[in-house]
Amino acid sequence: MTASDLSIGVLNGPNLDLLGTREPELYGSLSLSGINSELEALGAELNAAVESFQSNHEGELSDWIRDVGRMKDGLLVNAAAFTHTSVALRDALLASGVPFVEVHLTNIWAREPFRHRSLLSDIAVGVVSGFGKESYLLGLRALCNHLRPSA
Ligand code: DQA
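Just so we're clear, the structure is a prediction, and the values are computed from it rather than from any experiment.

Draft legend 1. Representation of the overall build of the protein. When helices and strands are counted, the protein shows five helices and five strands. For 151 residues, the compact-globule estimate of 2.2 N^0.38 gives 15 Å, and the protein sits close to it at 14 Å. Across its three principal axes, the protein shows a C-alpha extent of roughly 40 × 30 × 25 Å. Considering the protein as a whole, with its 151 residues, one finds that 47% of them fall into the buried category. The contacts of the protein with a sequence gap of at least 6 include a subset with a gap of at least 24, amounting to 76%.

Dropping the structure here:
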């Protein structure tokens, strides 16, 4: 594998399309397209092509994992509320066999108890939670380093 050939998918779950206006005191003022632009710019630095997808629907997210995500070298996954509930997304990620980093804008363990459980963490390479948009950027760096350990 050369330093230029990573292909990374970014999966965003429900209500993340509202970033920028959704509870900005928790989630920040940057829109999802703003985060995607920053990921693409960092991806260019890291020689990784970044393709992002968002849906509010569990089935669409599962379909993206099986149709698009499984072709990627690695995934960044913010499943949002489905993090805490979705066996279907867990199973789709397991079926894909693609390594992924779980990311959250907020620190899910510092919030309501129902957010403390993730159905994805134990099958993720790692988890970055609580750093706002930096969770995505740190997650992308960590994922690329994981996929290219010698780089
Ligand atoms: C979130 C945390 C989830 O608990 C919540 O449902 C979200 C966003 C985060 O990025 O902090 O929608 O995944």
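Draft legend 2. Just the pairing of strand β3 (residues 74-78), in detail. Across the five residues of β3, five count as buried, placing the element largely inside the fold. For strand β1 (residues 6-12) and β3, the ladder comprises five bridges, and the chain directions are parallel. Note on β3: the bridge partner recorded for valine 10 is leucine 76. By the bridge criterion, three bridges tie β3 to strand β4 (residues 100-104) in an arrangement that is parallel. Its bridge partner being in β4, valine 77 is matched across the sheet by glutamate 102. Remark: the β3/helix α4 (residues 87-96)/β4 crossover connection has right-handed handedness.

Draft legend 3. Local environment of the site of the ligand. In the vicinity of the ligand, the contacting residues are Arg22, Tyr27, Asn78, Ala80, Ala81, His84, His104, Leu105, Thr106, Ile108, Arg111 and Arg115. The separation between an oxygen atom of the ligand and a polar side-chain atom of histidine 104 is 2.8 Å. Here the ligand loses 99% of its free accessible area of 330 Å² to cover by the protein chains. Broken down by class, the residue content of the shell around the ligand amounts to five nonpolar, four polar and three charged.

Scoring rules and cut-offs
- Each chain carries its own residue numbering, running from 1 in the written order of its sequence.
- Side-chain atom pairs in this predicted model are given and counted only at pLDDT of 80 or more, local residue features only at pLDDT of at least 70, and totals for whole chains, interfaces and linings cover all residues.
- In computing side-chain values, all of the structure's heavy atoms are included and hydrogens and water are not.
- The helix count covers DSSP runs of H or I at least four residues long, the strand count covers runs of E at least two residues long, and both are numbered beginning at the N terminus.
- A radius of gyration in this sense is built from C-alpha atoms; the matching globule rule multiplies 2.2 Å by the number of residues raised to 0.38.
- To sort residues, take the accessible area from a 1.4 Å probe on protein chains only and compare it with the maximum for the residue type: under 20% means buried, over 50% means exposed, and anything in between is partly exposed.
- The criterion used for residue contact is that any of the two residues' heavy atoms lie within 4.5 Å.
- Between any two strands, pairing holds if DSSP finds at least two bridges.
- Crossovers are marked right-handed if the path from the first strand over the helix to the second runs clockwise, as seen with the strands pointing away from the viewer.
- Here a residue is considered near a molecule or strand provided that any single heavy atom belonging to it is located within 4 Å of it.
- Any pair of nitrogen or oxygen atoms within 3.5 Å is treated as a polar contact; in protein, a donor-acceptor pairing is required on top of that, and neighbouring residues in sequence qualify only through side-chain atoms on both sides.
- The protein chains shown are the only cover counted for residues, whose accessible areas, like all others here, come from Shrake-Rupley with a 1.4 Å probe.
- Ten residue types, Ala, Val, Leu, Ile, Met, Phe, Trp, Tyr, Cys and Pro, are classed as nonpolar, four, Asp, Glu, Lys and Arg, as charged, and the remainder, Gly among them, as polar.

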